[in-house]
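If you want the building blocks of each chain, they are given just below.
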Amino acid sequence: MPDHAHSADPAVQTQLDRLAALSPGRDILGLERITELCRRLGNPHERLPRTFHVAGTNGKGSTCAYLRAILEASGRRVHAYTSPHLVRFNERIRIDGALIDDRLLAMLLEEVLDEAADLGASFFEVTTAVAFLAFARHPADDCILEVGLGGRLDATNIIPAPAVCGIASLGIDHEAFLLAPEAGTPSAPAERIAWEKAGIVKPGSALATLAYPRAVQRVIARRAEEAGVVPFAEGESWSVEPVGDAFRWTSMDGTLGEVLRPGMAGLHQMRNAGLAIAMLHIAPGPKPDAGAIARGVAGAFWPARLQRLGTGPLTGLLPPATEVWLDGAHNGDAGLQLARHFASEPRRIHLIAGMLANKHPEAILDPLRDRLASLAVVPVPGHEHHDAAAFGSEARSATDVEAALRALTVDPAREVVLIAGSLYLAGEVLRANGELPE
């Protein structure tokens, strides 16, 4: 089934089965199908509230989580569309802060699928149309849209100019889709991906970005210039200053906030939070005050991104006080972020990895290799995946995460457990440990 979508609700599952039958079963870039589908639905994407559009290779979901948490802390009603889901399809669509309920989801899926039957629309295109329809029919103050794949040709990019575009961390991923040669585009992989991501920038939007290598920065600046937009860029217009496990956010106009303490682990989350603050800083309309920013940064949560698992059936298999971390990292940029996080402490890592066949094991293995106490490789249920041989001679196979955990001998004082390699695997882990995203 596309994106491993299933539901315990029979009415929703009926529509997900229809979607599986109608969808081509793969990602398709292009705006023709989503444009026609939305036309048939009355163009709901043209009736959204103030919109924040976020692209990037890594960190865009966390940036969306910070945006939503800060806006809600300031009393705003916020819709959000993110992907992928981890356990339940409903996670993709939040209406006024709450996951879409099954009754409404089943109704909207049926309505959209009735119109999409002859279009060959993809799983993501149908889901995007459902989100647009839900958001257009329910009042809110703000709308947050996370790009699914790329930017320029992503289904979310049919919206009119959003209030603010944001570009998060950039790296090499989805090469089969984003690195195909096209006349007049950059040939270097990193620059080509930046060109695609920056395709969300439209005349009339503001743009906030992180700092990137100079060649990548130039590509984004050119794309912004073509749209008549001046980037509000990290390092030039704003900055994040770490203060232990907290940070200060500073803008070029002299704004210096109080010390902000992210609720999510990892130094990279300071920059994701910083990008969200930068987007809100340049947004037209109401601005959150310092208190709302502090509460939102502290309260934001995005599952399976350096998430320490709580007490549950899986963690209960290990000695008490064992730290078990879960991360969906599956590319080089994310692997480096994991390594930076665990570099701050001396404990070694028992890595349990599951990766799709179209990803590169060395992306997460190489940055962590010197810290590994053991390496177990598990399947990613429902998807083509690498076996242990792809991870090298030191890797052992396990039938699933539970079996891998049972086989471990862990000293909690000297070692931690990290489960990584795939967001699909992360969803299975959360389900098995009884930690459903809310």
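Scroll up to find the structure.
Note that the coordinates shown come from a computational prediction; the quantities given were computed from them, not determined experimentally. (Residues numbered from 1 in each chain as written. Predicted model: local features only at pLDDT ≥ 70, side-chain atom pairs only at ≥ 80, totals over all residues. Heavy atoms only, no water.)

Draft legend 1. Summary view of the overall build of the protein chain. Within the protein chain, the secondary structure is distributed over 14 helices and 16 strands. Here the protein chain has a C-alpha radius of gyration of 21 Å; the compact-globule value for 438 residues is 22 Å, and the two agree. Summarising its shape, the C-alpha atoms of the protein chain cover approximately 55 × 55 × 45 Å along the three principal directions. With 438 residues in all, the protein chain has 58% of them scored as buried. Long-range contacts, defined as pairs at least 24 residues apart, comprise 73% of the intrachain contacts of the protein chain with a sequence gap of at least 6. Per element, the accessible surface of the protein chain, about 17300 Å² overall, is 52% carbon and sulfur. Distance from the positive charge centre (41 side chains) to the negative charge centre (53 side chains) of the protein chain: 3 Å. (Helix = DSSP H or I, 4+ residues; strand = E, 2+ residues; numbered from the N terminus. Rg over C-alpha atoms; globule rule 2.2 N^0.38 Å. Buried < 20%, exposed > 50% of the residue type's maximum accessible area, 1.4 Å probe, protein only. Contact = heavy atoms within 4.5 Å. Areas by Shrake-Rupley, 256 points an atom, 1.4 Å probe, with all protein chains shown as cover. Lys, Arg positive; Asp, Glu negative; His and termini not counted. Charge placed at Lys NZ, Arg CZ, Asp CG, Glu CD.)

Draft legend 2. Highlighting the sheet that holds strand β1 (residues 50-55). Overall, mixed pairing links the 8 strands, which are arranged β4-β3-β2-β5-β1-β6-β7-β8 in an open sheet. In the strand order of this sheet, the two ends are held by β4 (98-99) and β8 (232-233), each with one partner. Two strands pair when backbone bridges link them, and β1 and strand β5 (residues 142-146) are joined in this way by 5 bridges, in the parallel orientation. Residue pairing in the sheet places R50 in a bridge with D142 of β5. Strands in contact with helix α9 (residues 268-282) are β1, β6 (164-167), β7 (206-209) and β8; relative to β7, the strand with the most contacts, it is inclined by about 160°. (Pairing = 2+ DSSP bridges. Axes fitted to C-alpha atoms, helices over the stretch in contact; angles between N-to-C directions.)

Draft legend 3. Region of interest: the pairing of β5. Counted residue by residue, β5 has 5 buried out of 5 residues, so it is predominantly covered. Residues D142, I144 and E146 line one face of β5 and the alternating positions C143 and L145 line the opposite face, and both faces are buried. Bridge count for strand β2 (residues 78-81) against β5 is 4 bridges, and the pairing is parallel. Opposite Y81, over in β5, you have L145 as the bridge partner.

Draft legend 4. Expanded view of the state of the cysteines. Evaluation of the coordinates by the stated rule reveals 0 disulfides. Here C38 is not cross-linked by a disulfide; its sulfur's nearest cysteine counterpart is in C143, at 12 Å. Overall, the relative accessible area of 0% leaves C38 in the buried class. Looking at the unpaired C143, the closest cysteine sulfur is the one in C64, lying at 9.9 Å. (Disulfide = S-S within 2.5 Å.)

Draft legend 5. View of the pattern of salt bridges. Per the stated rule, a full pass over the model turns up 22 salt bridges. Salt-bridge contacts for E226 lead to R223; the nearest nitrogen and oxygen are separated by 4.0 Å. Of this pair, E226 and R223 both sit in helix α8 (residues 214-226), 3 residues apart, which is roughly one turn of that helix. For E226, a relative accessible area of 62% translates into the label exposed. The salt bridge partner of E402 is R406, with a shortest N-O separation of 3.0 Å. Placement of the pair is E402 and R406 together in helix α13 (residues 401-406), with a separation of 4 residues, close to one helical turn. (Salt bridge = Lys/Arg side-chain N within 4 Å of Asp/Glu carboxyl O.)

Function cannot be inferred from these measures alone, as they are strictly geometric.
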